[in-house]
Protein chains: 2
Amino acid sequence: MKKKSCGRLICAAPEFCADLLYAGGFNAPDPIVWFQTSEFQAIVVSILEYERACVQAKKNVRVLPLEEFFTREDKFKNDELLIQRISEKYGITEWLVPGDFPVSTADTLRKNGIGIIPAGNFFPKRECKNTSEIRKIARAMSATEESMMLAREILKQSVIGKNMVLYCGKKVLTSEFLRMEIEGFLKARGFTASRTITAHGSQCSQPHNVGSGPILAGETVVVDIFPRDDETGYWGDMTRTFVKGEPLPVVKRAYEAVLAASQAAEKMVCAGVIAAEVHNKAKTIMAQAGFETGKNKDGIPCGFIHGLGHGVGLEIHEAPRVSPANPGPLKKGQVISNEPGLYHPSWGGIRLEDVLVVTETGSRNFYTMSKDMIV
Amino acid sequence: MKKKSCGRLICAAPEFCADLLYAGGFNAPDPIVWFQTSEFQAIVVSILEYERACVQAKKNVRVLPLEEFFTREDKFKNDELLIQRISEKYGITEWLVPGDFPVSTADTLRKNGIGIIPAGNFFPKRECKNTSEIRKIARAMSATEESMMLAREILKQSVIGKNMVLYCGKKVLTSEFLRMEIEGFLKARGFTASRTITAHGSQCSQPHNVGSGPILAGETVVVDIFPRDDETGYWGDMTRTFVKGEPLPVVKRAYEAVLAASQAAEKMVCAGVIAAEVHNKAKTIMAQAGFETGKNKDGIPCGFIHGLGHGVGLEIHEAPRVSPANPGPLKKGQVISNEPGLYHPSWGGIRLEDVLVVTETGSRNFYTMSKDMIV
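Residues numbered from 1 in each chain as written. Chains lettered and ligands numbered in written order. Predicted model: local features only at pLDDT ≥ 70, side-chain atom pairs only at ≥ 80, totals over all residues.

1. Observations regarding helix H5 (residues 131-157) of chain B
Note that an α-helix has 3.6 residues per turn; residues three or four places apart therefore point the same way. For H5 of chain B, with 27 residues, the first-to-last C-alpha span of 39 Å sits near the 39 Å given by 1.5 Å per residue. Of all the positions in H5 of chain B, only Ile 137, Ala 140, Met 141, Ala 143, Thr 144, Glu 145, Ser 147, Met 148, Ala 151, Ile 154 and Leu 155 of chain B are classed as buried. (Helix = DSSP H or I, 4+ residues; strand = E, 2+ residues; numbered from the N terminus. Expected span 1.5 Å × (residues − 1). Buried ≥ 20, exposed ≤ 12 C-beta atoms within 10 Å, placed from the backbone.)

As structure tokens, this is what we get:
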């Protein structure tokens, strides 16, 4: 019987695979292979990417040209054949792969006697960021915060016209306009944002509604900005809720409840604290202020209808979840969003989102911008 | 023995899965499930996305809330359990899935007696675009062309300073500046571009080098712009090569060869013509002009070192390939790039890229902008 020899392998486009970007340090929109044997790590890239990969790849990662594994006689130079050749060359009989490894590639390799074992969590340590990662994340958060200040400024400078419609100069201030201003500002600084939420009024009752149409005075405007740094691949994430003019009394009360929940959650975050308990704390505070979570008579979910937070890094939503689904403790170096919100079809929605890095004694907030609602 | 009943299924985030966006018409950054039985098609989305999905989804696609498949007792509401429940509810014993379906999900389902059959090409008809798709693609191409004209204008307006460095007003004209101008212009119109290539001089010898640093007069500047329409998910793609001032004689000759190849290839494209032959035609023309393809004495690939083209649609690179690897005929409605290029470490690179829609009598070019090199 052949001796078993296990390696680790990823086959994906780094741009869309955080594990691969994390492992290799090399970003590309087309698929590459990363693998690790007991002796070394390497990425295999096409000759078109070779020089760039040599410059960008992590110091401990070898860069191998794709050609090294193929011959002139190979008709189909596909991923399956490449992995087969890598396995033969380095004597690997079994690969640990991320859970989202493609099933067709796995089936072919298994048919050829190569073991493919999907891992539940391929790089558990990706959850806890080191100093260099936190620096990169801080860069993304800082650009995000600047673009949020721009959004606030646009609302502040707007004037109230006929039928309460807001104007920016002579133009009607719409969700679309506000989104383009934010995304254009970020793009000019090397950050890519899409589907930025600039919802207003009743649209805000759906947390993922990006918003459309003219914004009115007195309405809430939920601005949720989450750009990716084109250079590093790390994400920023931030939400504020603004009102130009006078909000409804219920909106004022909901805002106060969300703000109190945000402050209490931030105060509670610390390495060792149970993630689900932070979520529950925020939920309880909002319930005590009169905003229970549950379905209304039409079956529509109201109140605090999502988790309090999620990890942020090379993915916009990554581990850990800060919700009832995570009974585990927070850990030092985790970067998590803290985003309590309240939603109701009758008056809209409020959300305030900061991002915190978990420390041994508490947390550090990436943002210093005020959470004031009225501009 | 249980009767076999086969369905089709995708489980992915539509934003990153063209097949899913194509099938459901609903765009979201988080994973959803689409499935098709012999009777109907549906997408299953979380309650947070339900209303938006009902508006956006294709007319023939039902929208089902995730909750319908889970009970309060379910501890882990994951994809595996969801697909299990869908299979039970609609009596499906075997699913045809795209090749990149996650292996861990496949393994779990197979263990539970549900067949998972990866398909080589899940939606072959995605290759041939209908009128509505071509309209959406034209929108993306038009924005791309406008941004290319902006890039040309910036180079045209630039002035030659000390040591041949180009200036845009008082600022040194760099690759980074040019990229940001292009990407900002597109973002302000609702198109997302990243890694736009604005390479200059010797950087152009690597087709994927995005470019950096000050641009000099007399150097080639390869500008390759490929934005995605935030609204529709369709891509644009276009390349031009510019020189401010006087290019080297070899660059002029290479440019003429690439231009001739582009024109000959475009003339040849027609439904029924073999894709590989179009590539070979372009290659031959450039070789006859003195630009052979092969490795130089240092082992670096020179000449026409990539395929002539690729399909463009909901993916920036999709079927069909227009290269020696595709011995099949072009088909009516395919949208393909036509991008001959020449590369050499000693003088840099030239690439000219148009996008064509294949018709029964020839092709239509999405672009009318001139290919003139000298600005």
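2. Remarks on the relation of the copies chain B and chain A
Overlay of chain B on chain A (RMSD 0.0 Å): rotation 180°, translation along the axis 0.0 Å. Put plainly, the chains are arranged around a two-fold axis. Residue Val 103 of chain B of chain B places its C-alpha closer to the rotation axis than any other residue of that unit, at 2.2 Å. A share of 100% of the interface residues of chain B reappears at the interface of chain A, consistent with the copies meeting face to face through the same patch. (Least-squares fit on C-alpha atoms with pLDDT ≥ 70 in both. Contact = placed C-beta atoms within 7 Å.)

3. What about the domain arrangement of chain A?
Note: interface size is frequently given as the accessible area lost on complex formation between the parts. Residues and elements named next belong to chain A. Domains assigned within chain A are domain 1 (6-122) and domain 2 (127-365). Between domain 1 and domain 2, the C-alpha centre-to-centre distance is 37 Å. Split into classes, the residues belonging to the side of domain 1 that touches domain 2 amount to three nonpolar, one polar and no charged. (Domains from an automatic or database assignment. Nonpolar A, V, L, I, M, F, W, Y, C, P; charged D, E, K, R; others polar.)

4. Brief notes about the sheet that holds strand S11 (residues 197-200) of chain B
Residue and element names in this part refer to chain B. Pairing is antiparallel across the open sheet formed by three strands, whose spatial order is S11-S12-S14. What marks the edges here is a single partner per strand, and that holds for S11 and strand S14 (238-243). Sheet twist, expressed as the average angle between the axes of neighbouring strands with direction ignored, equals 15°. (Pairing = 2+ DSSP bridges. Axes fitted to C-alpha atoms, helices over the stretch in contact; angles between N-to-C directions.)

5. Overview of the interface of chain B and chain A
Listed by partner, the interface residues are 34 residues for chain B and 34 residues for chain A. When residues of the side of chain B that touches chain A are traced back to their parent elements, those giving at least two are helix H2 (50-56), helix H4 (103-111), strand S6 (115-119) and helix H6 (175-187) of chain B.

6. With respect to the nonpolar core
One finds Val 33 and Ile 43 of chain A together with Val 33 and Ile 43 of chain B to be the most contacted residues of the largest nonpolar core, which totals 196 residues. Apart from residues no more than four positions distant in its own chain, Ile 43 of chain B is found in contact with Gly 24, Phe 26, Ile 32, Val 33, Trp 34, Ala 53, Ala 57, Val 61 and Val 63 of chain B. (Core = buried A, V, L, I, M, F, W, Y, C linked by C-beta atoms within 7 Å.)

7. Let's talk about the packing of helix H5 (residues 131-157) of chain A against helix H6 (residues 175-187) of chain A
Residues and elements named next belong to chain A. It is the contact of H5 with H6, at a shortest axis distance of 9 Å, that shows an interaxial angle of 145°. Seen along the crossing, H5 lies across H6 with a hand that is right-handed. Of H6, the residues touching H5 (which contributes Ala 143, Ser 147, Leu 150, Ala 151 and Ile 154) are Leu 178, Glu 181, Ile 182, Phe 185 and Leu 186. Of the residues belonging to the contact of H5 with H6, the class tally is eight nonpolar, one polar and one charged. (Left-handed = near helix turned anticlockwise from the far one by under 90°.)

8. Some details on the confidence of the model for chain A
In this model, chain A carries a mean pLDDT of 95, and residues with pLDDT of at least 70 account for 99%. At the level of chain-chain contacts, confidence expressed as ipTM amounts to 0.88, with global pTM at 0.91. (pLDDT = per-residue confidence, 0-100.)

9. Quick look at unusual backbone geometry
Residues and elements named next belong to chain A. Residue Pro 320 is reached from Ala 319 by a cis peptide bond, and omega for that bond is 0°. Structurally, the position occupied by Pro 320 is in strand S18 (residues 318-322). Although it is not a glycine, Met 164 adopts a positive phi angle of roughly 70°. Among the structural elements, Met 164 can be located in the loop between strand S7 (159-160) and strand S8 (166-168). Even without being glycine, Arg 195 reaches a positive phi, approximately 50°. Here Arg 195 lies in the loop between strand S10 (191-192) and strand S11 (197-200).

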